[in-house]
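Here's the letter readout for the chains.
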Amino acid sequence: MTPATRQEVLGLYRRVLRIAKSWQSASGQIEETMREKEYIRNEARTLFQKNKNVTDPKLIKQCIEECEARIEIGLHYNIPYPRPIHLPPMGLAHKQGRTLRHQEKLRKISKPIYLKSHDEIS
C-alpha cells in the first residue's frame, strides 16, 4: 500500500467515525440514534479490520469505492444500513439444476458495489 493510499484509507475511517459521532436517526428517537451510531462504528471497525491485510491495488481501490458509496448512500437516505437490491425472486427456479445456478450467478454479478462485503460479514 502506498503512503497516499494509506492516508486515503485512514481519512475514510476518520470520516466514518465523525459521521457516527454526529449521526441523528430519521425518527429522532434517542434509542434508535444510539443503536444506529453503534452500528456505524461496529460496521466500520469490522470491515476495516477485515481488509487491513489487503495488498492488491485493485482490491484496495474497490474497497475504497465501496466505503465511499456506502457513506454517500447512508447520508443521502439517512439510513446507516445497506439498502437492499431488488431482483426477481428465485421462486421460479427448480431446487437444483442449471436454472438455479444461472439465477444465483446473475444475482452475484448484479450486486451493487456498496453490498460486496455486507454478506461476507453478516
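Position labels on residues start from 1 in each chain and follow its written sequence. With the structure being a predicted model, the display of local features is reserved for residues of pLDDT at least 70 and the display and counting of side-chain atom pairs for 80 or more, all residues being used for whole-chain, interface and lining totals. Values shown for side chains rest on all heavy atoms present in the structure; no hydrogens or waters enter the calculation.

Looking at an unreviewed UniProt entry, the protein carries the name LYRM1 protein, with the source organism given as Peucedramus taeniatus. One UniProt comment on the protein, placed under Sequence similarities (unreviewed entry), says "Belongs to the complex I LYR family." UniProt positions are given in the numbering used here, feature names are shortened, and annotations may be inferred rather than shown by experiment.

(A) Spotlight on the nonpolar core. Nine residue types can take part in a nonpolar core, namely buried Ala, Val, Leu, Ile, Met, Phe, Trp, Tyr and Cys, and a core is a set of them joined through side-chain atoms within 4.5 Å. Per-residue accessibility, obtained with a 1.4 Å probe over protein chains only, is compared with the maximum for each type, and a residue is labelled buried under 20%, exposed over 50%, and partly exposed between these values. Counting residues in each nonpolar core, the largest one holds 13 residues, and the members touching the most others are Leu12, Val16, Ile40, Ile64, Cys67 and Ile71. Elements supplying a minimum of two residues to this core: α1 (3-22), α2 (30-50) and α3 (57-77). Only runs of H or I of at least four residues qualify as helices and only runs of E of at least two qualify as strands under DSSP, and these elements are numbered from the N terminus. Counting residues per element, this core draws most heavily on α1, which supplies five residues. The contact criterion used throughout is that any non-hydrogen atoms of two residues lie within 4.5 Å. Beyond its immediate sequence surroundings of up to four residues, Cys67 is in contact with Leu12, Val16 and Phe48.

(B) Fine view of the pattern of salt bridges. We define a salt bridge as a contact between a side-chain nitrogen of Lys or Arg and a carboxyl oxygen of Asp or Glu at a distance within 4 Å. Summed over all chains, the structure comprises four salt bridges. The salt bridge involving Arg15 is made with Glu72; its shortest N-O contact spans 3.0 Å. Here Arg15 is found in helix α1, whereas its partner Glu72 is found in helix α3, with 57 residues between them in sequence. Among the ionic pairs, Glu43 bridges to Arg70, the shortest N-O distance being 3.0 Å. A residue pair is termed long-range when its members are at least 10 positions apart, and Glu43 in helix α2 and Arg70 in helix α3 qualify at 27 residues. Of the two residues, Glu43 and Arg70, neither departs from the other in class, the shared state being buried.

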